[in-house]
Amino acid sequence: MGWNASSFQLESWRAQERGKHGLINAPTGSGKTYAGLLPTIARHRNTEKKIKGLRLLWITPIRALATEIEKSANRAIAGLNSSLTTDIRTGDTGQSRRAQQLKSLPNILVTTPESLHLMLCSTNASELFGHLEVLVADEWHELMGTKRGVQVELALSRLKKISPDLLVWGISATIGNLTEAMQCLLGATTHGTLIRSESRKEYEVISILPEKAERMPWAGHLGTRLAKNLLPVIHQSTSTLIFTNVRSQCEIWYRTLLELDPSLAGVMAMHHGSISKEIRAWVEAALYEGRLKAVICTSSLDLGVDFAPVETIIQIGGPKGIARFVQRAGRSGHRPDSKSKIYFLPTHSLELIEASALRQAIEENYLESKPPLTLCFDVLIQYIVTLACGEGFDSDKTFQEVKGTYCFSELTDAEWQWVVRFAAVGGNSLGSYSEYSKIVLKDGLYTIDQARIANRHRMSIGTIVSDTLMLVKLRKGGMLGHVEESFVSQLEEGDHFWFAGLSLQLIKVKDMTAFVRKSNSTNGRTPVWLGGRLPLSSQMSTMLRKQLDAAEKEVSHLFATHPELSFVQPILELQRMRSHVPLENELLLEVFETDEGYHHLIYPFEGRSVHEGIAALIAYRIGKKMSISFSLAYSDYGFELLSDQKVPLEQFIETGLFSTEMLEQDILAGINASEMAKRKFRDIAAIAGLVFKGYPGQKIKDRHLQNSSQLIYQVFESYEPDNLLLRQALDEVVHQQLEYTRTREALERMQRQRTVMQNPTKPTPLSFPILVDRLREQMSSEALIQRIEKMTIEWSD
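Residues numbered from 1 in each chain as written. Predicted model: local features only at pLDDT ≥ 70, side-chain atom pairs only at ≥ 80, totals over all residues. Heavy atoms only, no water.

Caption draft 1: The arrangement of the sheet that holds strand S22 (residues 597–603) in detail. An order of S23-S24-S22-S21-S27 is seen for the 5 strands of this open sheet, with the pairing classed as mixed. Unpaired on one side and paired on the other, strand S23 (631–634) and strand S27 (754–758) mark the two borders of the sheet. The sheet shows a mean angle of 15 degrees between the axes of neighbouring strands, direction not considered. Examined bridge by bridge, S22 and strand S24 (residues 639–643) share 5 bridges and lie antiparallel to one another. If you follow leucine 601 over to S24, its bridge partner there is glutamate 640. (Pairing = 2+ DSSP bridges. Helix = DSSP H or I, 4+ residues; strand = E, 2+ residues; numbered from the N terminus. Axes fitted to C-alpha atoms, helices over the stretch in contact; angles between N-to-C directions.)

Rendered as C-alpha cells:
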C-alpha cells in the first residue's frame, strides 16, 4: 500500500510473535487495527492450501465496526497472498448464515460479546474454538467497566481452557488507567505487555459562538437556534459527522437542518442504534463512498469505522467526557500524523466553558480512568446457564476458570455455590417454581435437559437492557427501526411523530409493531429513549472548575487561545454583580426567595449524578434536625433545595453537613434506596434470566416485566434478604448510579474549600438553568417556553 509501519505496530507484531499478551494504546487513525491483525495473517501467508478452523477472533463493541475490520483483514490477506477466510457474526447476521458458520467457522471472525456467548451455547464449542490462536478485544475502553466487558472476561476464561496457548490482546484509543485496563482483560494472574504509540495526535477545537451571550442561560435555549451557523461548515466540507449525545437529539437536528436547507435532502442522513440495520448499512456505505455530505449520529459512529472522506466533526452540546470528545474528534483526520478538527456547538452559553475545558484537557492529555466492574452475579448466572446450554460444565473446574478473571477474582466458594444453586433450583425462595430450575447435574456436568429452557435462554443472552422496543414499519414499505414501547403507548391512532428523518402518522399497533404511513405534517413528537442524560466525568468536572477559575481571574495567556472565556464574560459579570463567581478553592452557596419559596443552591461543579446523591444526602441530614420538606433539582454545575422555610446553611456546615462519616448509611436513608434498588433490580433480573421478554413477535409488555421483577424483588426481600442479586442491586445504586466514590471525594473537597455564602435578590446565571430544569419536569414544552420567557424578562434586568 506504500505505507510505513510505525514503531508501535512493529513492537506489537514482535510481541505477538514472542507469544506475549498485551494492550495496544494509540490515537485514533494511527493503525491500531493492523497492529492487532497482521501477525495472524502473516503466519499463514504465501499459501493456497485451505487453513482449518478459527484462528483469530476479533471482538468489537458495535456492529458498525465489523464491516470495516473485515475489509482491513481482506486487504491484508490479499497483500500477503494468504488463503485465510473472513466473516462477520453479529445481531445483524441472518439466521441461515449463522447456522452455516456453526458448521464451519471462517479463519478470522469479527463478532460482538453477545454473539460470542451464543456460540458458547453450541454443543460443539470445543471444536469451534479448538484452533483459536489469538483473540483481540477492539476498543476495549468502551467495553471495560460495563457488563459487556464482563461477558468478554468470562468468555475468555472458557476459551483459555479450550485453547491453552491462546494469545489475548486489547486495543484502546483513549483511556486513563491503561495498566488496570490491560489486567482486567488478561485476567487476575496473566502478565501482559503495554504498548503505546509515541505519536501525539494534534487536535483543533473550534467553538461556534452565538451572536451574544444570553446572560440568563438555560439548557437547550441555544442549540437549534445556532443551526444556521452549521450550514457554512457543512457546505465547506467534503463530508461532516454531526455528533449528538442522544438519539432524540439526532432526530431533532436532522429535521431542523433539513427545514433550514432543503438542498441537503439526499446528501444528509442520520445514523443511530434504533434505526434499522438496512438503513444504517446504507448510510455507512454511502459515507464511505463519498455520496453523503453530512451524517447526524450518536455514539453509533463514535468508534473506528474508517470513513476516509470525513473531513469535519461537529459536537452538539457538551460531551460530558474528555475521552468521548477526543474519540469523536479523531473521526476527522483519521490518518497517522493528520490534524483532527472538531467544532463545538453549545446548547447554552455556559457550555462554552466546557469547550474551553475540553481544549485544555486535550493539551494536557488529561483523560478519564474507567474502573472495572467486580462481582456481577447477574452476568455470572447468565454465563453458567450459557455453558450448560452448550457442552455443560464441571462446577469445581469452572469455579477456578471464573476466579481467574479480574471481575470475579474475589469470588468466594460460598458465593459460587450460591450462584450454581440459584441457576439449578432458583435459590432458597424460588425453589417451588419449576421455571427457575434451569440447569441439572448429570454425570458430573451441569447441563440443560429441556429444549424450551435452552431456546429461551439463547434469546435472552446479553447485558444491554432497555425499555421494550416496538418495531416501526411502513404500511407499504420496509422496517424503519425501533422505538420504545413507552413512547408508542402515549400516541393515539392518527397521531404524527418524527422518526428516522421522516414525518410519520400512526395507523395502528398490532402485537409489537407500530404500522405507519409517511406524512406531510411538520408537527409531531420526537421519540425519547431511556438513558438520555450523560453524567459529567470526574476529570471533566476538574477541568471545568479550573477554566471557570481562569475566566474569573481573566488569565491573559488563556484568553488568547480560549475565545470562549472572553465570550462568557457578560454572564460572569452578571453572576459577579448579583452573587459571586467561585474560584477553584471556593464553594459557592446562594439563598434567595421567590414566590415559590426559599431557594438554597450549592455549586460543587461535580456533575448531575453526583449532585443528585449529595442533594438527597443534605436534605436528609437537615431533615433530621428540623421539620422541613424539600423539592430537589440539579444541573452539572450545582443543585437546589427548595422549601417554604429558610435554612441556616452555614450553621449546618459548621456542624458537619458535608461530613463523610456515616456516609453510605445516610445516602441510603436519604434517597429511598429500596425504590431505586427495585428499578435497578429490573435490569439485573432480566440479565440473570428471572424475567423473560418474550418470543419474536410476541414480546411481553414492559409494565408486565416491571411488575414481575418487582414481585421477585419483594419475595427475595421478605424470604431471602441475603440474596446476592439484592446485594448487587443496592451496590449498583450506590457505587454506579450515585457514584459513591466520587461523592465521598466531592464532600471531602467541599470541606476543604472556602465557603462563600451569598443572598442575591434575584436568581443568578448559575442558578437559572437549575430552576428551569425543575420546571421542565412539571410542564409541557410550550408552557415551559412561555414560563421561561416570562422569567427571563423578570430576572434579566
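Past the structure itself, the notes keep going.
Caption draft 2: Spotlight on helix H5 (residues 113–120). With respect to burial, H5 is a largely interior element, 7 of its 8 residues being buried. Listed in full, the buried residues belonging to H5 are Pro113, Glu114, Ser115, Leu116, His117, Met119 and Leu120. (Buried < 20%, exposed > 50% of the residue type's maximum accessible area, 1.4 Å probe, protein only.)

Caption draft 3: The arrangement of the pattern of salt bridges in detail. Throughout the structure, instances matching the rule amount to 25 salt bridges. For arginine 359, the salt bridge identified is with glutamate 564, shortest N-O distance 2.7 Å. Of the two residues, arginine 359 is situated in helix H14 (residues 351–364) and glutamate 564 in helix H22 (residues 563–567); the sequence distance between them amounts to 205 residues. As far as the burial class goes, arginine 359 and glutamate 564 line up, both buried. Ionic pairing is found between arginine 742 and glutamate 739, a salt bridge with its closest N-O pair at 3.3 Å. The exposure class of arginine 742 is buried, given its relative accessible area of 9%. (Salt bridge = Lys/Arg side-chain N within 4 Å of Asp/Glu carboxyl O.)

Caption draft 4: A look at the side chain of glutamate 732. Checked against the element boundaries, glutamate 732 lands in helix H29 (residues 724–737). Residue classification places glutamate 732 among the buried residues on the basis of a relative accessible area of 5%. Of the polar contacts made by the side chain of glutamate 732, one reaches the side chain of glutamine 728; its length is 2.8 Å. The residues touching glutamate 732, leaving out its near neighbours within four places in the chain, are Lys147, Lys680, Ile684 and Gln737. (Polar contact = N/O pair within 3.5 Å; in protein donor to acceptor, adjacent residues only side chain to side chain. Contact = heavy atoms within 4.5 Å.)

Caption draft 5: Local environment of the pairing of strand S1 (residues 22–25). Neither face of S1 is open: one carries Gly22 and Ile24, the other Leu23 and Asn25, and all of them are buried. When S1 meets strand S7 (residues 193–196), the two strands line up parallel, connected through 4 bridges. What sits directly across from isoleucine 24, in S7, is isoleucine 195.

Caption draft 6: Layout of the state of the cysteines. According to the stated counting rule, one finds 0 disulfides in the structure shown. Here cysteine 184 stays free of any disulfide, with the sulfur of cysteine 407 as its closest cysteine sulfur at 7.7 Å. With no disulfide partner, cysteine 389 has as its closest neighbouring cysteine sulfur the one in cysteine 121, 4.3 Å distant. (Disulfide = S-S within 2.5 Å.)

Caption draft 7: Layout of the packing of aromatic side chains. The tally for this structure, following the rule as stated, stands at 11 aromatic pairs. An angle of 70 degrees between the planes, with centres 5.4 Å apart, marks the rings of phenylalanine 681 and tyrosine 713 as edge-to-face. Here phenylalanine 681, found in helix H27 (residues 673–687), pairs with tyrosine 713, found in helix H28 (residues 702–719); they are 32 residues apart in sequence, far enough to count as distant. Here phenylalanine 681 and tyrosine 713 have matching classes, each one buried. On the numbers, 6.0 Å between centres and 90 degrees between planes, the contact of phenylalanine 681 with phenylalanine 716 is edge-to-face. Remark: phenylalanine 716 occurs in helix H28 and phenylalanine 681 occurs in helix H27; sequence separation between them is 35 residues. With a relative accessible area of 0%, phenylalanine 681 lands in the buried category. Among the aromatic residues, those joined into a ring-pair cluster are Trp418, Phe422, Phe681, Tyr713 and Phe716. (Phe/Tyr/Trp six-rings, centres within 6.5 Å; stacked < 30°, edge-to-face > 60°.)

Caption draft 8: Seen up close, unusual backbone geometry. A positive phi is found at leucine 375, a non-glycine position, where the angle reads about 50 degrees. Inspection of the secondary structure assignment puts leucine 375 in the loop between H14 and helix H15 (377–389). Notably, aspartate 443 is not glycine yet its phi reads approximately 55 degrees, a positive angle. Inspection of the secondary structure puts aspartate 443 in the loop between strand S14 (440–442) and strand S15 (445–447).

Caption draft 9: The arrangement of the nonpolar core in detail. Counting 121 residues, the largest nonpolar core has Phe129, Ile439 and Leu690 as the members making the most contacts within it. A per-element tally of this core places H15 first, with 10 residues. Filtering out sequence-adjacent residues up to four positions away, phenylalanine 129 remains in contact with Leu54, Leu57, Leu116, Met119, Leu120, Leu159, Ile162 and Ser163. If you look at the next biggest cluster of nonpolar residues, it comprises 57 residues, including Ala361, Ile362, Phe559 and Val772. (Core = buried A, V, L, I, M, F, W, Y, C linked by side-chain atoms within 4.5 Å.)

Caption draft 10: Structural view of the sheet that holds S1. As summarised here, the arrangement of the 7 strands in space is S3-S4-S2-S5-S6-S1-S7, forming an open sheet in which the pairing is parallel. Every other strand in the sheet has two partners, leaving strand S3 (86–89) and S7 as the edge strands with one partner each. Within this sheet the neighbouring strands show an average axis-to-axis angle of 15 degrees, counted without direction. Note: strand S2 (residues 56–59) against strand S5 (residues 134–137), 4 bridges, orientation parallel. What sits directly across from leucine 56, in S5, is valine 134. Across the face of the sheet, helix H2 (residues 32–43) comes into contact with S1, S2, strand S4 (108–111), S5 and strand S6 (167–172) while running at roughly 165 degrees to S2. In this fold H5 packs onto S2, S3 and S4, with an angle of close to 120 degrees to the strand it touches most, S4.

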